[in-house]
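Inside the fold
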Amino acid sequence: GCDPVDPRHKLAAAIRWFAGGSYLDIRLVHGMSKNTLYKCVWEAVDAINSSPQLSLKFPWDDEKELEKLERGFASLSKGKVRGCIFSLDGFCVRIHCPRGVVNPRDYYHCKGFYAFVVQAVVDAVGKFRASSIKAVGSTHDSLAFQMSDFYDKQA
């Protein structure tokens, strides 16, 4: 029964949500219900995930691109670091206690909250090149790395 939400408001609400905003203030600012807000957030997630330009594809089979990545790290280190094509780090994303899983405690992170672990790969200029979100919060970084698709690719 209401007018459709302006796409600019949908995007602004989703971005604010991604930045950590509370649904309470976001819905007041944009004049939308809680359900509409969450629908806007998921529409934004689906749009991002379906965008080929935002796809993270590491160039494992492209020798020229791998050489370019290696030159980037060599340049940063003034030639002292050679053979490096990416930098990797892990971080945890806080979530609510999951429902419908066999053991929710598996998601409990050592920092005192529920989470899943993200392993992310960047190039010499900090551009994200690959990621893995396969590990639950209680997983150690080294195991999360071993679970990633890029673990077997590294030498």
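Up top is the structure.
Throughout this document, residue positions are counted from 1 along each chain, in the order its sequence is written. Note on the predicted model: pLDDT of at least 70 is required for a residue's local features to be given, and 80 or more for side-chain atom pairs to be given and counted; whole-chain, interface and lining totals, by contrast, use all residues. Remark: hydrogens and water are excluded; side-chain values derive from all non-hydrogen atoms of the structure.

Looking now at the nonpolar core. The term nonpolar core refers to a set of buried residues drawn from Ala, Val, Leu, Ile, Met, Phe, Trp, Tyr and Cys, joined through side-chain atoms within 4.5 Å. Residue exposure (1.4 Å probe, protein chains only): buried if accessible area is under 20% of the type maximum, exposed if over 50%, otherwise partly exposed. One finds A13, A14, I26, M32, L37, C40, V41, A44 and V45 forming the largest nonpolar core, which totals nine residues. The way it works is that DSSP assigns letters per residue, a run of H or I at least four long becomes a helix, a run of E at least two long becomes a strand, and they are numbered from the N terminus. Looking at this core, the elements that each hand over two or more residues are α1 (7-18) and α3 (34-49). Counting residues per element, this core draws most heavily on α3, which supplies five residues. Counting residues in each nonpolar core, the second largest holds eight residues, with F58, L66, L69 and F150 among its members.

What follows deals with a negative patch on the surface. Patch criteria: residues need more than 30% relative accessible area and no salt bridge. Like-charged residues are merged within 9 Å; nonpolar side chains of Val, Leu, Ile, Met, Phe, Trp and Tyr are merged within 5 Å. For accessible areas, the Shrake-Rupley method is used with a probe of radius 1.4 Å. Any residue's cover is judged against the shown protein chains and nothing else. Every case where a carboxyl oxygen of Asp or Glu lies within 4 Å of a side-chain nitrogen of Lys or Arg is listed as a salt bridge. Only four residue types enter the tally: Lys and Arg on the positive side, Asp and Glu on the negative side, with His and both chain ends excluded. Note that the charge is assigned to NZ on lysines, CZ on arginines, CG on aspartates and CD on glutamates. Together, D61, D62, E63 and E67 make up a region of like negative charge exposed at the surface. Tracing the chain through its elements places E63 in helix α4 (residues 63-76).

Under the defined criterion, the tally for this structure stands at six salt bridges. Between E43 and K10 there is a salt bridge; the shortest N-O distance is 3.2 Å. Here K10 lies in helix α1 and E43 lies in helix α3, a separation of 33 residues in the sequence. Of the residues examined, E43 reaches a relative accessible area of 33% and is grouped as partly exposed. Judged by relative accessible area, which is 26%, K10 ranks as partly exposed. The network of salt bridges with shared partners includes E65, D123 and R129.

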